[in-house]
Amino acid sequence: MSQQVAPGATRQPHKHALDVAHPPPGPGNLRAVLLPVAVVLLIGSVFVSVYLAAFHAPSPHQLRVGTTEIGTAQAHLSQDLERVAPGGFTVETYPDESAARDAVQDRDVYAAYLGDGKLLYGSANGASVTATVTTAFGSVAHAENHELAVEDVAPAAAGDTRGLSVFYAAFGLVLAGYLFGMTTYQLAPRLQYRWRMASLVLFGVVGGLLIATIAGSTGFGALPGSFLPLVAVISLMGAAVAATTMVLLRIFGSAGVTLASILMLILGNSSSGGIMPAAYLPGWLRPLSEILPVGVGVRAMQGLSRFQNDGLARALVILPVWVLGAVLVLYLKDVYRRGTPKVAPGERTAPQPEPATV
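Let us look at the structure shown here. Here the structure is a predicted model, which means the values were calculated and not measured. (Residues numbered from 1 in each chain as written. Predicted model: local features only at pLDDT ≥ 70, side-chain atom pairs only at ≥ 80, totals over all residues. Heavy atoms only, no water.)

1. Observations regarding the overall build of the protein chain
Now for step 1: For the protein chain, the count of helices and strands is 11 helices and 5 strands.
Now for step 2: The buried share among the 358 residues of the protein chain stands at 44%.
Now for step 3: Counted over contacts in the protein chain with a minimum sequence separation of 6, partners at least 24 positions apart contribute 71%.
Now for step 4: On the protein chain, roughly 18,900 Å² of surface is accessible, and the fraction owed to carbon and sulfur atoms is 64%. (Helix = DSSP H or I, 4+ residues; strand = E, 2+ residues; numbered from the N terminus. Buried < 20%, exposed > 50% of the residue type's maximum accessible area, 1.4 Å probe, protein only. Contact = heavy atoms within 4.5 Å. Areas by Shrake-Rupley, 256 points an atom, 1.4 Å probe, with all protein chains shown as cover.)

This is how it looks when you write it as structure tokens:
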């Protein structure tokens, strides 16, 4: 039914949303416009800078190799390697072929030269390492008037012919841990501390089971190590990333999300050794592979799969330290400090129970 208009009255034009005058933008609006742009461009710039610094032209730095040659022959070997890649290798001496073979299989060294053109290497170290050592020792063998003869004593897994599957598995787990640490406070900001920690444990255990099942012998065969140790390492690594993200969020607020993405997703994954060993990284990135949860976990995952448990003991020490340290900080932040009442000077209070929520 159309609306009737009284005689002599004029019909008022209908006001659309675009016709309504809006107040001029204030400081809050300007911040809302600029801050997301600045944050995401910062993260993107750091990502591009770190990954290009690490992988745009990778070359070895003190890559550990072994030899059974001694005396003058070893001196010539070191000179030839230095000529091929200045500062690229450090040479360890082994008494015989058996000891050198064990060293390659344990990843104490990445290759071992036995003289007369014979080289032991492990393709499980990845295509980059294989290319590096075969090229360098090919020059050594040529200088000795030999053709290089290679033997792969630590072959890559059938499901990981390029040696990169561990990187993708770790990256997915780290991303999940980062998202868990970020969303747990967003979705349940007042969840009791004990239940939040139970959620963290559940995430770690289930994440470890899933990744080990998908990437391990029961799945793609990319990580064919012992199942339960693999689950333990992956679970601890995921929990360490998640708990650290939670700590950064609780201490620094929204800025903690940015810090966590830079520390865990960018610096952690780039220095993990999943793409190539830490010896190929710039000097400022190399130490991170020994201390950040991603690098520690990746080395143990590789060791369980192809290098006779190399890195496992270190992971079982360092990863729990990350988890327990973060859990303690969260307890102090979410329970202890909130449960401590303000006390006037000289006044005593009885111990307070843990608050119901955080």
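2. Some remarks on the packing of helix α6 (residues 193-215) against helix α11 (residues 312-336)
Now for step 1: Orientation of α6 relative to α11, taken along the N-to-C sense of each, is 155 degrees, at an axis distance of 11 Å. Between α6 and α11, the interaxial angle falls into the category roughly antiparallel. For the pair α6 and α11, the sense of crossing is right-handed. In this structure, α6 contributes Y193, M197 and L200 to the contact, and α11 contributes V327, L330, Y331, D334 and V335.
Now for step 2: A per-class count over the contact of α6 with α11 returns 7 nonpolar, no polar and 1 charged. (Axes fitted to C-alpha atoms, helices over the stretch in contact; angles between N-to-C directions. Parallel < 35°, antiparallel > 145°, perpendicular 65-115°, else oblique. Left-handed = near helix turned anticlockwise from the far one by under 90°. Nonpolar A, V, L, I, M, F, W, Y, C, P; charged D, E, K, R; others polar.)

3. Some remarks on a nonpolar patch on the surface
Now for step 1: A surface patch of nonpolar side chains, about 970 Å² in accessible area, is lined by V201, L202, V205, V206, L209, L210, I214, F220, F227 and L228.
Now for step 2: At the level of secondary structure, the elements contributing two or more residues to the nonpolar patch comprise α6 and α7 (227-252).
Now for step 3: The greatest single-element share of the nonpolar patch, amounting to 7 residues, is contributed by α6. (Patch = residues over 30% accessible without salt bridge, like charges linked within 9 Å, V, L, I, M, F, W, Y side chains within 5 Å. Salt bridge = Lys/Arg side-chain N within 4 Å of Asp/Glu carboxyl O.)

4. Quick notes on the pairing of strand β5 (residues 149-152)
Now for step 1: Note that strand β4 (residues 118-121) and β5 share 4 bridges and pair parallel. Residue pairing across strands places Y121 opposite D152, the latter belonging to β5.
Now for step 2: Considered for its hand, the β-α-β crossover made up of β4, helix α4 (residues 127-143) and β5 is right-handed. (Pairing = 2+ DSSP bridges. Right-handed = clockwise from strand over helix to strand, strands pointing away.)

5. Comments concerning the sheet that holds strand β2 (residues 89-93)
Now for step 1: The mixed open sheet is built from 5 strands, whose spatial order is β2-β1-β3-β4-β5. Pairing within the sheet leaves two strands with one partner each, and these edge strands are β2 and β5. Strand-to-strand, the axes of this sheet are offset by a mean angle of 25 degrees, without reference to chain direction.
Now for step 2: Of the strand pairs in this sheet, strand β1 (residues 63-67) and strand β3 (residues 111-115) are connected by 2 bridges, and their pairing is parallel. Within β3, the residue paired with G66 across the bridge is A112.
Now for step 3: Strand contacts of helix α2 (residues 71-84): β1, β2 and β3, with the helix running at about 165 degrees to β2, the strand carrying the most contacts.

6. Concerning the pattern of salt bridges
If charged atoms from side chains of opposite charge come close, those side chains can pair.
Now for step 1: Applying the stated criterion across every chain, the model contains 8 salt bridges.
Now for step 2: Among the ionic pairs, E151 bridges to R101, the shortest N-O distance being 2.8 Å. Taken as a pair, E151 in strand β5 and R101 in helix α3 (residues 97-105) lie far apart in primary sequence, 50 residues in all.
Now for step 3: Between R107 and D310 there is a salt bridge; the shortest N-O distance is 3.0 Å. Linking R107 in the loop between α3 and β3 with D310 in the loop between α10 (293-306) and α11, this pair joins segments that are 203 residues apart in sequence. Note on accessibility: R107 and D310 belong to one class, buried.
Now for step 4: By sharing partners, the salt bridges in this structure join E97, R101, K118 and E151 into a single network.

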